[in-house]
Amino acid sequence: MTTETRPGLQDLVQGDRVHRRVYVDPQVFEEEIRRIFKRTWLFVGHDSEVPHPGDYKTDTLLGQPIVMTRDGNGAVHVLFNRCRHRGAKVCNQPYGNSSSFSCLYHGWTYTNAGDLIAVPSRELCPADFDPGSFGLLPLPRVESYRGFVFASFAADGPTLEEHLGRVTVYLDRLIDRAPDGEVEVAKPVMYEYGGNWKFQLENFVDNIHARFTHESATHARRTLGPSMGPRYADAPITDPARTRPGNLRLLGRGHVVCDYGTERTKIPFGGYGFSGRNAEYVRLLEGRHGPERGRLLADADIHIVIYPNLLLHTQYSHYRVLKPVAVDRTIMQGYPIKLKGAPPELNDELVSAASDHVSAAGAVQIDDMEAFSRCQEGLAIESDEWVLFPYGFDGERVVDENGEVVLPQASELVQLAQHEAWREFMANE
Amino acid sequence: MVVSRDLQHEVEQFLFHEAELLENRRFEEWLELLTRDVIYWVPNIRDDSDISDEAMISYEGYDELRARTVRLRHPLNPTQKPPPRTRHFITNVSAEAGEGGELRVRCNLLVYVSKDGKVVHHPGTSEYRLREEDGSWRIASKKVYLITNDLPLTPLPIM
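The model shown is predicted, which means the values in this text are computed figures rather than measured ones. (Residues numbered from 1 in each chain as written. Chains lettered and ligands numbered in written order. Predicted model: local features only at pLDDT ≥ 70, side-chain atom pairs only at ≥ 80, totals over all residues. Heavy atoms only, no water.)

Q: I tried to follow the overall build of chain B on my own but got confused; where do I start?
A: Helix and strand counts for chain B come out as 3 helices and 6 strands. Seen in sequence order, chain B has helices and strands lined up from the N terminus as α-α-β-β-α-β-β-β-β. Against the compact-globule benchmark of 15 Å for 159 residues, chain B has a radius of gyration of 16 Å, which places it among compact chains. Taken across its 159 residues, chain B has 52% of its residues classed as buried. (Helix = DSSP H or I, 4+ residues; strand = E, 2+ residues; numbered from the N terminus. Rg over C-alpha atoms; globule rule 2.2 N^0.38 Å. Buried < 20%, exposed > 50% of the residue type's maximum accessible area, 1.4 Å probe, protein only.)

Q: What is the right way to look at the environment of P138(A) in this model?
A: All names here are of chain A. Tracing the chain through its elements places P138 in the loop between β10 (116-118) and β11 (141-145). The spacing of P138 and G114 is 24 residues in sequence and 7.7 Å in space, taken between C-alpha atoms. Apart from the residues within four sequence positions on either side, P138 is in contact with V78, L79 and F80. (Contact = heavy atoms within 4.5 Å.)

Q: Is there a simple way to explain the domain arrangement of chain A in this structure?
A: Size of an interface, as often reported, equals the accessible area lost when the parts are brought together. Residue and element names in this part refer to chain A. The domains assigned to chain A are domain 1 (42-152) and domain 2 (165-427). The C-alpha-based centres of domain 1 and domain 2 are spaced at 33 Å. The interface of domain 1 with domain 2 comprises 15 residues on the first partner and 23 residues on the second. When the two sides are added together, the surface that domain 1 and domain 2 hide from each other amounts to roughly 1500 Å², 62% of it contributed by carbon and sulfur. Contact with domain 2 buries surface across domain 1, with F43, R146 and F148 losing the most and accounting together for 39% of the total. Put simply, domain 1 and domain 2 have 11 residue pairs in polar contact (both at pLDDT 80 or more) between them. Contributing elements (two or more residues each) for the side of domain 1 that touches domain 2: β3 (42-46), β4 (55-61) and β12 (148-152). For the side of domain 1 that touches domain 2, the element with the most residues is β3, which contributes 4 residues. Tallied by class, the residues present in the side of domain 1 that touches domain 2 amount to 7 nonpolar, 4 polar and 4 charged. (Domains from an automatic or database assignment. Buried area = accessible area lost by both parts, 1.4 Å probe. Polar contact = N/O pair within 3.5 Å; in protein donor to acceptor, adjacent residues only side chain to side chain. Nonpolar A, V, L, I, M, F, W, Y, C, P; charged D, E, K, R; others polar.)

Q: Which parts of the structure should I look at to understand the sheet that holds β12(A)?
A: Backbone-to-backbone hydrogen bonds pair the strands of a sheet. The strands run either parallel or antiparallel. All names here are of chain A. Spatially, the 3 strands line up as an open sheet ordered β3-β12-β11, and their pairing is antiparallel. Either end of the sheet is taken by a strand with one partner, and the two such strands are β3 and β11. Ignoring strand direction, the axes of neighbouring strands in this sheet form an average angle of 30 degrees. (Pairing = 2+ DSSP bridges. Axes fitted to C-alpha atoms, helices over the stretch in contact; angles between N-to-C directions.)

Q: Is there a simple way to explain the nonpolar core in this structure?
A: Within soluble globular proteins, side chains that are nonpolar generally end up buried alongside one another. The biggest cluster of nonpolar side chains holds 100 residues, and the ones touching the most others in it are Y23(A), W197(A), W422(A), L15(B), W30(B) and V105(B). Counting 34 residues, the second largest nonpolar core, distinct from the first, contains I306(A), Y319(A), Y335(A) and A342(A). (Core = buried A, V, L, I, M, F, W, Y, C linked by side-chain atoms within 4.5 Å.)

Q: Sorry if this is basic, but what is going on with the confidence of the model for chain A here?
A: Predicted coordinates in areas of low pLDDT are best not read in detail. Residue and element names in this part refer to chain A. This prediction gives chain A a mean pLDDT of 90; 90% of its residues lie at or above 70. Taken together, the stretch residues 1-5 has pLDDT below 50 and engages in 0 contacts with residues farther than four places along the chain or on a different chain. Confidence over residues 228-241 falls short of pLDDT 50; this stretch has 42 contacts with residues more than four positions distant or in other chains. (pLDDT = per-residue confidence, 0-100.)

Q: How do you make sense of the packing of helix α5 (residues 197-204) of chain A against helix α11 (residues 413-427) of chain A when you look at a structure like this?
A: When two helices pack together, their arrangement is given by the angle between their axes and by how far apart the axes lie. Residues and elements named next belong to chain A. At their nearest, the axes of α5 and α11 sit 9 Å apart, and the two run at 140 degrees to each other. Classified by the angle between their axes, α5 and α11 sit oblique to one another. Counted together, W197, K198, L201 and E202 of α5 and Q415, Q418, H419 and W422 of α11 form the full contact between these two elements. (Parallel < 35°, antiparallel > 145°, perpendicular 65-115°, else oblique.)

Q: What exactly am I supposed to notice about the packing of aromatic side chains here?
A: Aromatic ring pairs are defined here through the distance separating the ring centres and the angle between the ring planes. Residues and elements named next belong to chain A. Enumeration according to the criterion identifies 17 aromatic pairs over all chains in this entry. Taking the centre distance of 5.9 Å and the plane angle of 45 degrees together, the rings of F43 and F148 count as tilted. Of this pair, F43 sits in strand β3 while F148 sits in strand β12, placing them 105 residues apart in sequence. Residue F43 is classed as buried on the basis of its relative accessible area of 1%. Each ring, one from Y56 and one from F101, has its centre 5.2 Å from the other, and the planes form 75 degrees; the classification is edge-to-face. Within this pair, whereas Y56 is found in strand β4, its partner F101 is found in strand β8 (residues 100-102), the two being separated by 45 residues in sequence. Judged on exposure class, the residue Y56 and its partner F101 are both buried. An aromatic cluster of three or more residues is present, and its members are F43, F148, F150, Y319 and Y335. It is K187 that lies over the ring of Y95; its NZ or CZ is 4.6 Å from the centre. The ring of Y23 has K198 sitting right over it, with the charged end atom 5.6 Å from the ring centre. (Phe/Tyr/Trp six-rings, centres within 6.5 Å; stacked < 30°, edge-to-face > 60°. Lys NZ or Arg CZ within 6 Å of the ring centre and 35° of its normal.)

Q: Before we go on, may I ask you to explain unusual backbone geometry in this structure?
A: Glycine aside, the phi torsion of most residues is negative, and most peptide linkages are trans. Residue Y307(A) is joined to P308(A) through a cis peptide bond whose omega torsion reads 5 degrees. Within the secondary structure, P308(A) is located in the loop between β17 (302-306) and β18 (310-313). Located in the positive-phi region is L62(A), a residue other than glycine, with phi close to 50 degrees. Unusually for a residue other than glycine, R25(B) sits at a positive phi of about 55 degrees. Summarising the element assignment, R25(B) is placed in the loop between α1 (5-23) and α2 (27-31). Accessibility expressed as a relative area gives 22% for R25(B), which makes it partly exposed.

As structure tokens, then:
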């Protein structure tokens with residue numbers, strides 16, 4: 001065994017650096033699945049994906065088939081999609097509506113709440129065979145927050161409320177942007193990249209990379225945007241030299257937020273969903289929340305990371321669900337977020353903007369995917385062991401009255417906070 | 001209503017020319033094949049996508065496509081260093097008269113993309129509306145149904 005001469009898992013994150021094995025070692029990946037993903041809360045879906053009784057969607061969670069259903073009473077379930085008899089997936093459609101699921105193999109039939117209601121030729125089974133104990137297995141824990149459904153593979157652990165902590169303040173802001181106080185999601189685009197899952201988490205709150213990675217997209221917007229209308233309106237690249245505590249916030253357990261405030265809304269041609277774009281929308285929000293909070297919500301420009309698998313974005317209204325497939329392969333789903341009660345044309349714009357932002361044929365995310373796969377390739381080199389996060393390491397950090405750690409906008413302490421959460425999860429066998 | 005053999009030939013030559021422009025990165029010339037009100041649409045997940053209910057792989061008008069060509073040309077575009085090499089295979093071409101003198105064209109499409117040592121392919125069907133402008137056919141709409149649009153995609157070129 002060579003492992004004795006290698007640093008332990010918790011030693012792979014040190015100060016301003018992270019060991020390359022964190023990104024490239026398949027054994028580390030296996031331990032991440034076990035110690036992080038199977039212990040904590042994972043985002044599963046939004047209840048607007050199953051709006052009506054009988055609606056369902058199938059998906060996978062850590063490679064395991066699941067089905068999210070809404071039963072006849074309106075309750076949402078997250079069930080393992082596996083016949084209790086011989087193991088076949090009982091539902092093979094991505095979306096649909098059905099009061100029951102019948103297994104293709106021997107006809108065992110379950111309600112959409114998971115109860116086993118039919119076993120053909122049951123008289124051939126032993127007399128004490130009890131269908132009541134062979135319903136579709138639910139995920140050990142399922143809870144939701146304002147329509148966002150989470151599940152955990154672990155029967156014990158922090159509640160969802162404890163897990164989310166202060167991140168709900170920002171999730172509320174995202175949801176309250178809907179004049180009716182609820183969001184709904186459109187069906188997602190899916191894409192994959194040849195890189196480790198953590199690259200996407202780091203990148204989502206990286207305020208330094210855009211002027212290099214996304215320069216071609218920014219150039220197209222800058223040169224064509226004002227004449228092309230809102231679709232190509234975008235914020236100017238923020239100044240990476242900014243060092244005063246600003247918009248990056250560490251919320252604990254790996255959750256982080258980048259709150260741009262209204263600084264990106266002041267540009268002449270505006271951005272998506274900002275107050276200047278749709279007067280009717282602002283009127284609706286102000287009517288519900290008053291002028292001050294109404295305007296704050298209309299202009300909200302935040303990126304939220306809910307560790308470890310959910311990323312939310314208000315400006316290009318969407319969230320991304322991250323699926324770690326292998327140490328060097330990650331699948332992403334990008335769901336446009338629609339604001340219930342907002343003018344339909346605004347929601348159409350948001351769906352379009354979200355698609356353009358995240359699609360594999362779009363304007364922005366593909367640049368990041370290129371960066372992720374190149375990092376993965378570069379980190380194959382064994383003789384250069386450490387990945388560095390020096391920006392802002394010595395910079396100012398302020399703890400605000402709510403206990404949130406506030407950082408300058410160009411700080412890699414925000415990535416290090418994710419790795420610190422990683423280290424804490426991984427230290428616990 | 002099937003079109004004449006001459007028109008069928010003309011349509012096929014048009015599609016082959018379009019593919020050649022894309023394969024050879026002659027994007028500005030490709031833009032000239034488009035009407036100003038063009039819609040280039042790659043729907044997502046299902047074939048009957050409703051654009052307000054589903055994210056779209058692509059849904060671009062002329063201005064967005066022009067912006068895309070600006071991005072593709074930019075020396076700092078990381079996805080184009082080196083540029084992917086693509087080949088478009090077009091078969092099963094059918095054409096019929098559409099509304100207002102337009103042609104409705106349908107073909108099967110298989111695009112191969114080679115980049116960074118990996119080859120991926122994107123099979124599907126394209127539906128076009130072609131409109132005659134200034135004596136030439138122009139693309140008024142192009143809708144590409146990928147049979148892989150329910151799978152996780154890797155970066156997609158102009159199809």
